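# Observations on the model geometry
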Amino acid sequence: MYEPVVRPAGPQLKTLTLVVYGLQALSLLTVITLLVGVIVNYVKLDDVRGTLYESHFRWQIRTFWFTALWLVVYGLLIITIIGIPVAWILIAILGLWVGYRVIRGWVALFSERPVA
């Protein structure tokens, strides 16, 4: 089986990846931290290419975009009277999903393996 060559990464990239997971976790309280995290992901994406942390950055970026998509859908639901109760339940489910993705990413990060 072919194993891709992974270039070594410094500890600062691990710390940065951990910080972005922390920002995503904080987004359960304030959504702005999710935006700050994805900006960091895009700015530093070239630095993590070919390292273990590239998969984490892609995971974090996908978490942001799927969350943003669902927040827009829920926002559209909230503007209808019938959608208000349903939207709040779905937002709670989205929060659980974001929490799952952060925890799964943290576990993979501390195990020094890519997240998939």
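Scroll up for the structure.
Bear in mind that the values here come from a model prediction, so they are computed numbers and not experimental data.

In terms of helices and strands, the chain carries four helices and zero strands. Reported as C-alpha extents along the three principal axes, the dimensions of the chain are approximately 55 × 30 × 20 Å. The 116 residues of the chain split such that 34% are buried. A separation of at least 24 residues holds for 66% of the contacts in the chain among residues at least 6 apart in sequence. With the model as given, the accessible surface of the chain reaches about 7,200 Å², and the carbon-plus-sulfur share is 77%. Of the side-chain charges in the chain, 9 are positive and 5 negative, and the distance between the mean point of each set is 7 Å.

Helices that pack against each other are described as a pair by the angle of their axes relative to one another and the distance between those axes. Their axes nearest at 8 Å, the elements helix α1 (residues 11-26) and helix α2 (residues 32-48) cross at an angle of 160°. If you check the angle between α1 and α2, you find them roughly antiparallel. Between α1 and α2 lies a crossing whose hand is left-handed. For the pair formed by α1 and α2, the contact residues are Leu-13, Leu-16, Val-20, Leu-23, Gln-24 and Leu-26 on the first element and Thr-33, Leu-34, Val-36, Gly-37, Val-40, Asn-41, Lys-44, Asp-47 and Val-48 on the second. The class makeup of the residues in the contact of α1 with α2 is nine nonpolar, four polar and two charged.

The next thing to look at is the pattern of salt bridges. For the coordinates displayed, the defined rule picks out five salt bridges. The salt bridge partner of Asp-46 is Arg-49, with a shortest N-O separation of 3.1 Å. Its salt-bridge partner being Arg-58, residue Glu-54 comes within 3.4 Å of it at the nearest N-O pair. Here Glu-54 and its partner Arg-58 are both found in helix α3 (residues 53-78), four residues apart, which amounts to about one turn of the helix. On the basis of relative accessibility, which here comes to 33%, the residue Arg-58 falls in the partly exposed class.

For Thr-63, the location among the structural elements is in helix α3. From its side chain, Thr-63 meets the backbone oxygen of Trp-59 in a polar contact 2.8 Å long. Those residues in contact with Thr-63 that sit more than four places away from it in its chain are Gln-24, Trp-97 and Arg-101.

Cut-offs and rules
Residues numbered from 1 in each chain as written. Predicted model: local features only at pLDDT ≥ 70, side-chain atom pairs only at ≥ 80, totals over all residues. Heavy atoms only, no water. Helix = DSSP H or I, 4+ residues; strand = E, 2+ residues; numbered from the N terminus. Buried < 20%, exposed > 50% of the residue type's maximum accessible area, 1.4 Å probe, protein only. Contact = heavy atoms within 4.5 Å. Areas by Shrake-Rupley, 256 points an atom, 1.4 Å probe, with all protein chains shown as cover. Lys, Arg positive; Asp, Glu negative; His and termini not counted. Charge placed at Lys NZ, Arg CZ, Asp CG, Glu CD. Axes fitted to C-alpha atoms, helices over the stretch in contact; angles between N-to-C directions. Parallel < 35°, antiparallel > 145°, perpendicular 65-115°, else oblique. Left-handed = near helix turned anticlockwise from the far one by under 90°. Nonpolar A, V, L, I, M, F, W, Y, C, P; charged D, E, K, R; others polar. Salt bridge = Lys/Arg side-chain N within 4 Å of Asp/Glu carboxyl O. Polar contact = N/O pair within 3.5 Å; in protein donor to acceptor, adjacent residues only side chain to side chain.

Coordinates in, geometry out; function isn't part of it.
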